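Residue-level structure breakdown
The primary structure of each chain is shown beneath.
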Amino acid sequence: KQEVTQIPAALSVPEGENLVLNCSFTDSAIYNLQWFRQDPGKGLTSLLLIQSSQREQTSGRLNASLDKSSGRSTLYIAASQPGDSATYLCAVFTGANSKLTFGKGITLSVRP
Amino acid sequence: NAGVTQTPKFQVLKTGQSMTLQCAQDMNHEYMSWYRQDPGMGLRLIHYSVGAGITDQGEVPNGYNVSRSTTEDFPLRLLSAAPSQTSVYFCASLRLGSYEQYFGPGTRLTVT
(Lines give C-alpha, C1' and ligand atoms only; values in the text may rest on other atoms or scores of the structure.)
Protein backbone atom coordinates (compact mmCIF):
# COMPACT_ATOMS: atom_id res chain seq x y z
CA LYS A 1 0.00 0.00 0.00
CA GLN A 2 1.39 3.38 -0.99
CA GLU A 3 2.12 5.72 1.90
CA VAL A 4 3.26 9.32 1.60
CA THR A 5 5.01 11.08 4.46
CA GLN A 6 5.72 14.76 4.94
CA ILE A 7 7.88 15.81 7.86
CA PRO A 8 7.77 18.12 9.72
CA ALA A 9 4.07 18.87 9.96
CA ALA A 10 4.75 22.57 10.49
CA LEU A 11 7.57 24.96 9.71
CA SER A 12 8.16 28.62 10.55
CA VAL A 13 10.86 30.62 8.80
CA PRO A 14 11.79 34.31 8.47
CA GLU A 15 11.05 36.11 5.24
CA GLY A 16 13.74 35.80 2.59
CA GLU A 17 14.94 32.36 3.61
CA ASN A 18 15.37 29.61 1.03
CA LEU A 19 13.67 26.46 2.22
CA VAL A 20 13.13 22.84 1.32
CA LEU A 21 9.99 20.82 1.97
CA ASN A 22 10.40 17.06 1.95
CA CYS A 23 8.11 14.28 0.79
CA SER A 24 8.74 10.54 0.85
CA PHE A 25 6.72 7.66 -0.57
CA THR A 26 6.97 3.91 -0.08
CA ASP A 27 6.19 2.49 -3.54
CA SER A 28 8.40 3.75 -6.36
CA ALA A 29 5.98 2.51 -9.07
CA ILE A 30 4.42 5.92 -9.66
CA TYR A 31 3.19 7.72 -12.76
CA ASN A 32 3.84 11.16 -11.33
CA LEU A 33 4.10 13.31 -8.23
CA GLN A 34 2.21 16.57 -7.71
CA TRP A 35 2.82 19.36 -5.24
CA PHE A 36 -0.23 21.34 -4.15
CA ARG A 37 -0.76 24.45 -2.12
CA GLN A 38 -3.78 24.87 0.14
CA ASP A 39 -4.70 28.12 1.86
CA PRO A 40 -6.88 27.93 4.99
CA GLY A 41 -10.47 27.09 4.10
CA LYS A 42 -9.65 26.88 0.40
CA GLY A 43 -9.19 24.26 -2.28
CA LEU A 44 -6.03 22.70 -3.68
CA THR A 45 -3.92 24.60 -6.17
CA SER A 46 -1.52 22.53 -8.25
CA LEU A 47 2.00 23.97 -8.09
CA LEU A 48 4.15 21.47 -9.95
CA LEU A 49 3.72 18.10 -11.60
CA ILE A 50 6.72 15.81 -12.11
CA GLN A 51 6.33 12.79 -14.34
CA SER A 52 8.08 9.60 -13.27
CA SER A 53 10.63 9.99 -16.09
CA GLN A 54 11.58 13.52 -14.99
CA ARG A 55 14.00 14.64 -12.31
CA GLU A 56 12.73 18.14 -11.65
CA GLN A 57 10.29 20.87 -12.58
CA THR A 58 10.52 24.62 -12.04
CA SER A 59 7.95 27.37 -11.82
CA GLY A 60 9.10 30.81 -10.76
CA ARG A 61 10.62 30.58 -7.28
CA LEU A 62 9.58 26.96 -6.92
CA ASN A 63 11.62 23.94 -7.89
CA ALA A 64 10.51 20.36 -7.30
CA SER A 65 12.78 17.36 -7.63
CA LEU A 66 11.98 13.67 -7.80
CA ASP A 67 14.17 10.70 -6.94
CA LYS A 68 11.88 7.80 -7.73
CA SER A 69 14.33 5.07 -6.78
CA SER A 70 14.73 6.40 -3.25
CA GLY A 71 11.08 7.41 -2.94
CA ARG A 72 11.76 11.09 -2.29
CA SER A 73 10.74 14.48 -3.57
CA THR A 74 11.66 17.96 -2.44
CA LEU A 75 9.98 21.31 -3.03
CA TYR A 76 12.47 24.16 -2.94
CA ILE A 77 11.11 27.65 -2.33
CA ALA A 78 13.55 30.46 -3.02
CA ALA A 79 13.45 33.79 -1.19
CA SER A 80 10.34 32.96 0.81
CA GLN A 81 7.65 35.61 1.30
CA PRO A 82 4.78 35.95 3.80
CA GLY A 83 2.43 35.20 0.89
CA ASP A 84 3.97 31.73 0.69
CA SER A 85 2.37 30.88 4.04
CA ALA A 86 0.05 27.93 3.38
CA THR A 87 -0.11 24.16 3.65
CA TYR A 88 1.89 22.28 1.03
CA LEU A 89 0.76 18.80 0.07
CA CYS A 90 2.53 16.26 -2.05
CA ALA A 91 0.66 13.45 -3.75
CA VAL A 92 1.68 10.49 -5.90
CA PHE A 93 -0.34 8.89 -8.68
CA THR A 94 0.17 5.20 -9.22
CA GLY A 95 -2.52 4.66 -11.85
CA ALA A 96 -4.47 2.28 -9.63
CA ASN A 97 -8.07 3.48 -9.16
CA SER A 98 -7.07 6.85 -10.67
CA LYS A 99 -6.18 7.70 -7.10
CA LEU A 100 -3.80 10.24 -5.71
CA THR A 101 -2.21 9.24 -2.40
CA PHE A 102 -1.61 12.35 -0.34
CA GLY A 103 0.76 13.22 2.43
CA LYS A 104 -0.74 15.08 5.37
CA GLY A 105 0.95 18.29 4.39
CA ILE A 106 3.43 20.77 5.80
CA THR A 107 2.01 24.00 7.17
CA LEU A 108 4.46 26.76 6.34
CA SER A 109 4.50 30.12 8.07
CA VAL A 110 6.80 32.82 6.70
CA ARG A 111 7.37 35.58 9.26
CA PRO A 112 7.80 39.18 8.01
CA ASN B 1 -12.75 27.11 -19.03
CA ALA B 2 -14.38 27.08 -15.60
CA GLY B 3 -12.36 23.97 -14.68
CA VAL B 4 -13.90 21.87 -11.89
CA THR B 5 -16.89 23.43 -10.16
CA GLN B 6 -18.67 22.28 -7.02
CA THR B 7 -21.93 23.29 -5.39
CA PRO B 8 -22.86 24.11 -2.73
CA LYS B 9 -19.85 25.68 -0.99
CA PHE B 10 -21.31 25.15 2.47
CA GLN B 11 -24.05 22.88 3.77
CA VAL B 12 -25.46 21.99 7.16
CA LEU B 13 -27.51 18.81 7.47
CA LYS B 14 -29.26 17.08 10.30
CA THR B 15 -28.50 13.44 10.99
CA GLY B 16 -30.53 11.22 8.67
CA GLN B 17 -31.07 13.79 5.94
CA SER B 18 -29.93 13.11 2.40
CA MET B 19 -28.36 15.43 -0.11
CA THR B 20 -26.35 15.55 -3.32
CA LEU B 21 -23.06 17.34 -3.76
CA GLN B 22 -22.68 18.51 -7.32
CA CYS B 23 -19.47 18.41 -9.36
CA ALA B 24 -18.94 19.40 -12.98
CA GLN B 25 -15.94 19.85 -15.23
CA ASP B 26 -15.67 21.39 -18.67
CA MET B 27 -12.28 19.98 -19.67
CA ASN B 28 -13.65 16.75 -21.20
CA HIS B 29 -11.71 14.67 -18.68
CA GLU B 30 -12.67 11.02 -18.53
CA TYR B 31 -11.53 10.41 -14.96
CA MET B 32 -13.29 12.04 -12.04
CA SER B 33 -13.14 11.36 -8.33
CA TRP B 34 -14.35 12.46 -4.91
CA TYR B 35 -12.12 12.96 -1.87
CA ARG B 36 -12.85 13.96 1.67
CA GLN B 37 -10.42 15.91 3.81
CA ASP B 38 -10.39 15.56 7.57
CA PRO B 39 -7.96 17.01 10.12
CA GLY B 40 -5.15 14.57 10.82
CA MET B 41 -6.38 12.14 8.15
CA GLY B 42 -5.41 13.96 4.99
CA LEU B 43 -7.37 13.46 1.79
CA ARG B 44 -9.01 10.11 1.20
CA LEU B 45 -10.66 8.77 -1.94
CA ILE B 46 -14.40 8.08 -1.68
CA HIS B 47 -15.45 7.07 -5.20
CA TYR B 48 -14.06 7.46 -8.66
CA SER B 49 -15.14 7.12 -12.29
CA VAL B 50 -13.10 6.30 -15.37
CA GLY B 51 -15.84 7.37 -17.78
CA ALA B 52 -19.55 7.84 -18.25
CA GLY B 53 -21.44 4.87 -16.87
CA ILE B 54 -18.44 3.50 -14.94
CA THR B 55 -17.90 4.07 -11.23
CA ASP B 56 -16.01 2.29 -8.49
CA GLN B 57 -15.26 2.54 -4.79
CA GLY B 58 -12.27 4.18 -3.20
CA GLU B 59 -10.96 3.90 0.36
CA VAL B 60 -13.98 5.24 2.26
CA PRO B 61 -17.15 4.61 0.19
CA ASN B 62 -19.60 3.69 2.94
CA GLY B 63 -22.58 6.03 3.17
CA TYR B 64 -22.01 7.55 -0.27
CA ASN B 65 -23.34 6.83 -3.74
CA VAL B 66 -22.21 8.13 -7.11
CA SER B 67 -23.34 7.93 -10.70
CA ARG B 68 -21.83 9.20 -13.94
CA SER B 69 -24.37 9.69 -16.68
CA THR B 70 -22.31 12.27 -18.60
CA THR B 71 -18.61 13.03 -18.97
CA GLU B 72 -19.14 16.46 -17.39
CA ASP B 73 -20.99 15.63 -14.17
CA PHE B 74 -20.17 13.43 -11.18
CA PRO B 75 -22.58 13.97 -8.27
CA LEU B 76 -21.98 12.50 -4.81
CA ARG B 77 -25.02 11.45 -2.81
CA LEU B 78 -25.21 11.13 0.94
CA LEU B 79 -28.01 8.69 1.61
CA SER B 80 -28.53 9.24 5.34
CA ALA B 81 -26.13 11.82 6.75
CA ALA B 82 -24.18 11.00 9.90
CA PRO B 83 -21.97 13.27 12.05
CA SER B 84 -18.95 11.21 10.89
CA GLN B 85 -19.54 12.62 7.41
CA THR B 86 -18.76 16.14 8.59
CA SER B 87 -15.84 17.00 6.34
CA VAL B 88 -14.64 19.01 3.39
CA TYR B 89 -15.39 17.29 0.09
CA PHE B 90 -13.31 17.81 -3.01
CA CYS B 91 -14.09 16.72 -6.52
CA ALA B 92 -11.24 16.19 -8.96
CA SER B 93 -10.79 15.39 -12.62
CA LEU B 94 -7.80 13.84 -14.31
CA ARG B 95 -6.21 14.71 -17.61
CA LEU B 96 -5.21 11.52 -19.43
CA GLY B 97 -1.67 11.52 -20.74
CA SER B 98 -0.10 13.75 -18.13
CA TYR B 99 -2.31 12.28 -15.37
CA GLU B 100 -2.46 15.69 -13.77
CA GLN B 101 -5.36 16.13 -11.35
CA TYR B 102 -7.46 19.27 -11.10
CA PHE B 103 -9.47 19.99 -7.98
CA GLY B 104 -12.66 21.89 -7.37
CA PRO B 105 -12.98 24.50 -4.60
CA GLY B 106 -14.61 22.07 -2.16
CA THR B 107 -17.86 21.74 -0.23
CA ARG B 108 -17.74 22.18 3.53
CA LEU B 109 -20.37 19.89 5.06
CA THR B 110 -21.47 19.84 8.68
CA VAL B 111 -23.82 17.15 9.97
CA THR B 112 -25.42 17.85 13.34
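In this text the structure is predicted, and so the values were computed from the model without any measurement. (Residues numbered from 1 in each chain as written. Chains lettered and ligands numbered in written order. Predicted model: local features only at pLDDT ≥ 70, side-chain atom pairs only at ≥ 80, totals over all residues. Heavy atoms only, no water.)

A few words now on the pattern of salt bridges. On inspection of all chains with the given rule, the structure shows 4 salt bridges over all chains. Arg37(A) is paired through a salt bridge with Asp39(A); the nearest N and O atoms lie 3.0 Å apart. Between Arg61(A) and Asp84(A) there is a salt bridge, with its nearest N and O atoms 2.8 Å apart. With a gap of 23 residues between them, Arg61(A) in the loop between β6 (56-59) and β7 (62-67) and Asp84(A) in the loop between β8 (72-77) and β9 (86-93) connect regions that are remote in the sequence. Look at Arg61(A) and you get partly exposed, because its relative accessible area is 29%. Look at the salt bridges and you will find they share partners, linking Arg36(B), Asp38(B) and Arg44(B) into a network. (Salt bridge = Lys/Arg side-chain N within 4 Å of Asp/Glu carboxyl O. Helix = DSSP H or I, 4+ residues; strand = E, 2+ residues; numbered from the N terminus. Buried < 20%, exposed > 50% of the residue type's maximum accessible area, 1.4 Å probe, protein only.)

What follows is about the packing of aromatic side chains. This structure, assessed with the given rule, holds 9 aromatic pairs over all chains. Ring geometry for Phe93(A) versus Tyr99(B): centroids 5.3 Å apart, planes at 25 degrees, classification stacked. You can see Phe93(A) sitting in strand β9 and its partner Tyr99(B) sitting in the loop between β9 (87-95) and β10 (100-103), one on each of two chains. A ring pair is formed by Tyr35(B) and Phe103(B), whose centres lie 5.6 Å apart and whose planes are at 45 degrees; its orientation type is tilted. Taken together, the positions of Tyr35(B) in strand β4 (residues 31-38) and Phe103(B) in strand β10 put the pair 68 residues apart, joining distant regions of the chain. No difference in accessibility class separates Tyr35(B) from Phe103(B), as the two residues are buried. (Phe/Tyr/Trp six-rings, centres within 6.5 Å; stacked < 30°, edge-to-face > 60°.)

All right, on to the state of the cysteines then. In a disulfide, the sulfur atoms of two cysteines are held together by a covalent bond. Applying the stated criterion to the full structure yields 2 disulfides over all chains. Across the disulfide from Cys23(A) sits Cys90(A); the S-S distance is 1.9 Å. Across the S-S bond of Cys23(A) and Cys90(A) the torsion is about 70 degrees, and the bridge reads as right-handed. Placement of Cys23(A) in strand β3 (residues 19-25) and of Cys90(A) in strand β9 is noted, with a sequence separation of 67 residues between them. The class for Cys90(A) is buried, based on a relative accessible area of 0%. Here Cys23(B) engages in a disulfide with Cys91(B); their sulfurs sit 1.8 Å apart. Taking the sign of the S-S torsion, -70 degrees for the link of Cys23(B) and Cys91(B), the bridge is left-handed. Of this pair, Cys23(B) sits in strand β3 (residues 19-25) while Cys91(B) sits in strand β9; the two residues are 68 residues apart in sequence, bridging distant segments of the chain. (Disulfide = S-S within 2.5 Å.)

The analysis is restricted to geometry; functional conclusions fall outside its scope.
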